Amino acid sequence: MIKIEKLNVELPKFGLQDIDLHIAEGDFFTLLGPTGSGKSVLLETIAGLVPISSGSIKISGTEIAHLPPEKRKLSIVYQDYALFPHLSVLENIIFGARYKGIEPQKATRKASELAEKLNISQLLSRTPRHLSGGERQRAAIARALLVNPSVLLLDEPLSALDPAFRQEVQDLLKDLHRDTGITFVMVTHDFDEALYLSTNGAIIKNGQLIRKGRIRDIFNSPGSKFVAGFVGMTNIHPCSH
């Protein structure tokens, strides 16, 4: 589904180095790593918001590395929701429809269906400042899903939520992933979140992928001292062969 090969990104004082990553269709994949390790940079590179220096990014066999974001058949949801404060919830949800060639009537109809599924039907006429954090996140997810993406990118989608809403939106994401079959790629720093939601994942350090595989295997068999320390293992002992 997503096939990244020899990907390099050069930014001031930071870069991604020789990233190789395959994410299966329909997977829920999580990127983990310390602050500043390059998780969000990799996500935004997939989205087309950060230019690559070299390498390849393919979705379903199609090279997208040099396509503009709107041509990549994916959506991104940020931790701060990125809703337009002067637009209603409905106007926010259908905002991207014009760029995808979706007719206004069809967009409004689908927005209503998504709002019902996400339990925000009663909020469509409100503006974002009159919503709770959980409601804003639901509106942002509805906007992302309206354009029928083949991949949904999630940049720390729960970190800005109060604990009272966090489990609720976690359950929502789990249900949406199951019901839609869309490939989800999430950045998070929350281990419980990663273990609850994702099937596979990778750990990134200083712009390099250093461990990838099934998420529970990463936590149970870290494979290196850094990964063991990062995932919270305290009993680390040297051994000889």
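Located above this text is the structure these notes cover.
Residues numbered from 1 in each chain as written. Predicted model: local features only at pLDDT ≥ 70, side-chain atom pairs only at ≥ 80, totals over all residues. Heavy atoms only, no water.

### Side note on the pattern of salt bridges
Worth spelling out the cut-off: The salt bridge criterion pairs a side-chain nitrogen of Lys or Arg with a carboxyl oxygen of Asp or Glu, the two atoms within 4 Å. Helix numbers and strand numbers start at the N terminus; a helix is a DSSP run of H or I with at least 4 residues, a strand a run of E with at least 2. Each residue gets one of three labels from its accessible area relative to the maximum for its type: buried under 20%, exposed over 50%, partly exposed in between, using a 1.4 Å probe on protein chains only.
The full count for this structure, using the stated rule, is four salt bridges. Between arginine 178 and aspartate 175 there is a salt bridge whose closest N-O contact spans 3.2 Å. With a gap of three residues between them, arginine 178 and aspartate 175 both fall in helix α5 (residues 163-180), about one helical turn apart. The exposure class assigned to aspartate 175 is partly exposed, which follows from its relative accessible area of 34%. Among the charged side chains, a salt-bridge network with shared partners connects Asp175, Arg178 and Asp179.

### Examining the pairing of strand β6 (residues 74-78)
Every regular strand shows the same layout, with side chains that alternate between the two sheet faces. Cut-off, in case you're wondering: Any two strands with at least two DSSP bridges between them are considered paired.
The element β6 is largely enclosed, with a buried count of four among its five residues. By the bridge criterion, five bridges tie β6 to strand β7 (residues 151-155) in an arrangement that is parallel. If you follow isoleucine 76 over to β7, its bridge partner there is leucine 153.

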